[in-house]
Each structure stands twice: as structure tokens, then as C-alpha cells.
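Given next are the chains, with one letter for each unit.
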Amino acid sequence: GFGSVDPWKGAAALREIERCLDLGLRGMKFHPAAQAFYPNDARFYPIWELCQRLKMPVIFHTGMTGVGAGSPGGEGIHLKYGRPIPFLDDVAADFPDMPIILAHPSFPWQEEALAIATHKPNVYIDLSGWSPKYFPKILVQYANTLLRHKMLFGSDWPVIAPDRWLADFEQIDIRPEVRPLILKENAIKLLKLA
């Protein structure tokens, strides 16, 4: 499991991250658009410093979010916070020993996410939040080649049930030798489960 804290809580957020580790959680998850913060803001760097020191991977929601979608004003959610460059590229550069997972295909900034994951050894992409049948061609190309060891399974349940995601994943052009990497092996290595 991964924990989550309100990054605006300062020292209380740091204490809660340490408590998450004591509970046996493997990492932390942040949703910059829903939490209205830029990850590269120096006010949040103590959080990343702690996660790096604790060797905790951090997942950041990227791209569009279903939260508030279709509601007047998107319920006040500003999508700009979910853009990978510059906000998460800065964090990846400044905290090279902290594994970073860019959650979702980062629509409409997919190529920014691919660029960061290609450029920064500590950055991974999870494929949750979208049915694989909607993956852009470039995402499938990178998953099969340059980023085959940096792509991770995720369904985003209850929005997309794992069975549906897996059935749709079977229908896309992912190489047979890459499928087990995405579905299991990359996560085992990243989370040090073996």
C-alpha cells in the first residue's frame, strides 16, 4: 500500500509520512491537481527530502483528472498542476535517489511524461486511469522499447476494474516478452518485493 498526506500541512505531513512507513506502507501518493500544489515549489522540498531519505517511492497523479470533470468550473480543479514538465522534471532532477512514478498516461502531456522517464533514471510511468485500448501509439512504442523496464500496471479501480484493464491490455500490441515486465516484474524490482 501507499499512503497520502496533505502536502500543505508542513511538519504534520512529515510526521504522517514517517507513520506511514511504520505502518508498513511502501510509498506515498500525491494528487497535485486535487491538492492544488506545484511539486517543484521549494515549500514542499522537505517532503521529497524525507521520502528520498526513507527510500519511499512517490506517485504523482499527472495529466487530466476525472475529479470534477463535467462539473461547473471542474469543481475548482486546475489541471495545470498535473503537468509533468516543468513541475515533476524539476523534482526528479533535484531528488535523483527518490523513485518517482508518474500516474496515468499524462493526457494531454503524454510525450512530456515519456521524455522525463527516458531522461531521468528514477522516473517510472504507471498505466492506470485509462483503458489500454485508448493508449496513444507513442506510449505503446515506448512501452515496447526504451521504457519497457519503467512501465507499471495499474487499473485505477473502481473507475476501471482490473479485469477490464487486463482484457483491454491483451488487445494492444505489447510484445510478449514485455507483458510480464509491465504486469509484475517492474513493480517487484521497484518496490524491492523479491
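None of the values given here were measured: they were computed from a predicted structure.

## Focus on the packing of aromatic side chains
- In this structure the tally under the stated criterion is 14 aromatic pairs.
- Members of the aromatic cluster, connected to one another through ring pairs, are Trp8, Phe30, Phe37, Phe44, Trp48 and Phe60.
- Lying over the aromatic face of tyrosine 81, lysine 80 brings its terminal NZ or CZ to 5.4 Å of the ring centre.
- Between lysine 150 and the ring centre of tyrosine 124, over which it is positioned, the NZ or CZ distance is 5.7 Å.

## What about the pairing of strand β2 (residues 27-30)?
- With two bridges joining them, strand β1 (residues 2-3) and β2 adopt parallel strand pairing. By the bridge assignment, glycine 3 is partnered in β2 with methionine 28.
- Viewed along the sheet, the connection from β1 through helix α1 (residues 11-22) into β2 turns out right-handed.
- Here β2 pairs with strand β3 (residues 58-61) via three bridges, running parallel. Within the sheet, the bridge partner assigned to methionine 28 lies in β3 and is valine 58.

## Quick notes on the pattern of salt bridges
- This structure, assessed with the given rule, holds six salt bridges.
- Across the pair aspartate 41 and arginine 43 runs a salt bridge, and its minimum N-O distance is 2.6 Å.
- Accessibility expressed as a relative area gives 57% for arginine 43, which makes it exposed.
- Across the pair aspartate 89 and lysine 120 runs a salt bridge whose closest N-O atoms are separated by 2.7 Å. Remark: lysine 120 occurs in the loop between α5 (110-119) and β5 (123-126) and aspartate 89 occurs in helix α4 (residues 87-94); sequence separation between them is 31 residues.
- For lysine 120, a relative accessible area of 10% translates into the label buried.

## Things to note about helix α7 (residues 162-170)
- Among all positions in α7, only Trp165, Asp168 and Phe169 are buried. Buried residues of α7 fall within an arc of 105 degrees about the axis and therefore sit on the same side.
- Against α8 (179-190) lie the buried residues of α7.

## Considering the sheet that holds β2
- A sheet is described by the order of its strands in space; here six strands give the open sequence β1-β2-β3-β4-β5-β6, paired in parallel fashion. Edge strands, defined here as strands with exactly one partner in the open sheet, are β1 and β6 (151-152).
- Sitting on the sheet, α5 touches β4 (100-103), β5 and β6, and the angle it makes with β5 is about 140 degrees.

Criteria and cut-off values
- Residues numbered from 1 in each chain as written.
- Predicted model: local features only at pLDDT ≥ 70, side-chain atom pairs only at ≥ 80, totals over all residues.
- Heavy atoms only, no water.
- Phe/Tyr/Trp six-rings, centres within 6.5 Å; stacked < 30°, edge-to-face > 60°.
- Lys NZ or Arg CZ within 6 Å of the ring centre and 35° of its normal.
- Pairing = 2+ DSSP bridges.
- Helix = DSSP H or I, 4+ residues; strand = E, 2+ residues; numbered from the N terminus.
- Right-handed = clockwise from strand over helix to strand, strands pointing away.
- Salt bridge = Lys/Arg side-chain N within 4 Å of Asp/Glu carboxyl O.
- Buried < 20%, exposed > 50% of the residue type's maximum accessible area, 1.4 Å probe, protein only.
- Arc of directions from axis to C-beta.
- Contact = heavy atoms within 4.5 Å.
- Axes fitted to C-alpha atoms, helices over the stretch in contact; angles between N-to-C directions.

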